[in-house]
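This is what each chain is made of:
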Amino acid sequence: MDRIHYAYNFLRHRLFAKDEHSVHSPFVFNFYLDSIRAREKYYVFDAIEAVREELLQSDERLEITDFGAGAVDTSKHRKVSSIAQYSLKPKEQAEMLFRILRELKAKNILDLGTSLGITTAYLASSSKDAIVHTFEGCPNTANFAQSTFSKLEIEDINIHQGNIEHTLPKALKDLPPQDVIFFDANHQKESTLRYFEWCLEKAHNESVFIFDDIYWSKGMTKAWQAICKHPKVTVSIDLFDFGLVFFRKEQGKQHFTLTTQPEKHPWMI
Ligand SMILES: C[S@@+](CC[C@H](N)C(=O)[O-])C[C@H]1O[C@@H](n2cnc3c(N)ncnc32)[C@H](O)[C@@H]1O
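Residues numbered from 1 in each chain as written. Predicted model: local features only at pLDDT ≥ 70, side-chain atom pairs only at ≥ 80, totals over all residues.

1. Re unusual backbone geometry
Not every positive phi belongs to a glycine, and Lys105 is a case in point at roughly 50°. Relative to the assigned elements, Lys105 resides in the loop between helix 5 (91-103) and strand 3 (108-112). Taking the C-beta count within 10 Å as the criterion, Lys105 has 12 such neighbours and is therefore assigned exposed. Phi is positive for Glu153, close to 55°, though the residue is something other than glycine. Relative to the assigned elements, Glu153 resides in the loop between helix 7 (139-151) and strand 5 (157-161). Owing to 7 C-beta atoms within 10 Å, Glu153 belongs among the exposed residues under this scheme. (Helix = DSSP H or I, 4+ residues; strand = E, 2+ residues; numbered from the N terminus. Buried ≥ 20, exposed ≤ 12 C-beta atoms within 10 Å, placed from the backbone.)

2. Brief notes about the nonpolar core
Counting residues in hydrophobic clusters, the biggest one holds 68 residues, and the most contacted among them are Leu97, Leu101, Leu123, Val180, Phe183 and Ile210. With six residues, the top contributor of residues to this core is helix 5. Beyond its immediate chain neighbours, meaning those up to four positions away, Phe183 contacts Leu112, Thr192, Tyr195, Phe209, Ile210, Phe211 and Asp212. (Core = buried A, V, L, I, M, F, W, Y, C linked by C-beta atoms within 7 Å. Contact = placed C-beta atoms within 7 Å.)

3. Describing the sheet that holds strand 10 (residues 254-257)
Taken together, eight strands build an open sheet; the order of strands is 5-4-3-6-7-9-8-10 and the sheet is mixed. A single partner strand is all that each edge strand has here, and the edge strands are strand 5 and strand 10. Strand-to-strand twist in this sheet, taken as the mean axis angle between neighbours without regard to direction, amounts to 15°. Where strand 3 lies against strand 4 (residues 131-136), five bridges are found, and the strand directions are parallel. Each residue of the ladder has a partner; that of Leu110, found in strand 4, is His133. (Pairing = 2+ DSSP bridges. Axes fitted to C-alpha atoms, helices over the stretch in contact; angles between N-to-C directions.)

So this is what it looks like as structure tokens:
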């Protein structure tokens, strides 16, 4: 991670991000209030967080096959507790993803970067109709994720184990159009742009692509900016932790930088 780039952009976002009062598009206004700013809790959150807590307390180590950039802990034999602490989306962000999927009534979902399966569990629990295809390169991590899903009794998650460079194009050939695609695997500019281009063929008018860690490095920010400029992208929303892009043809091209905080602080512009 480029810490200076991250910190600078964190402050910039805190200062300049707007709330619903700056949003004139009825679609974005409703989406923002109903999913980004909503704070409803669901029963399943407690069950998933109980499993996260077990992982945080675990003494188990996994032999890791490293793929791409993104890990804070880069040791070969990594503690499950360390992966759970540094690599997974925190509770609040995972809950937000759940609410976004729920609001969009997402059924077909792709998840690039399974890790221990915690965020995947949130995605899969957002609807009883959800069909999730998740992609993980490291075989031991993929097996571990499967045990997370079994503990939570979540079915309809298909794990594609192997390098996304090979597994994603192969899987896309047989998959229907996707409602939501969450990109949280290889945090490198070229890979992010390549996966975006591949996934475009599965985007429909109501699809949303969600990019994690858009300020993780200058390369990731450049990838995010290029994605926002893509002619097929109409609405883009920068939430700092996530970048969301929509393909709705009825919307004009528009970019929003929005806060996820419950209230705008007086010092925000
Ligand atoms: C940041 S973690 C994902 C965290 C997960 N989304 C969560 O919040 O629970 C990134 C994962 O993507 C996997 N990954 C990175 N690059 C990959 C690649 N090229 N092919 C397959 N998996 C990859 C890593 O092994 C790692 O487990």
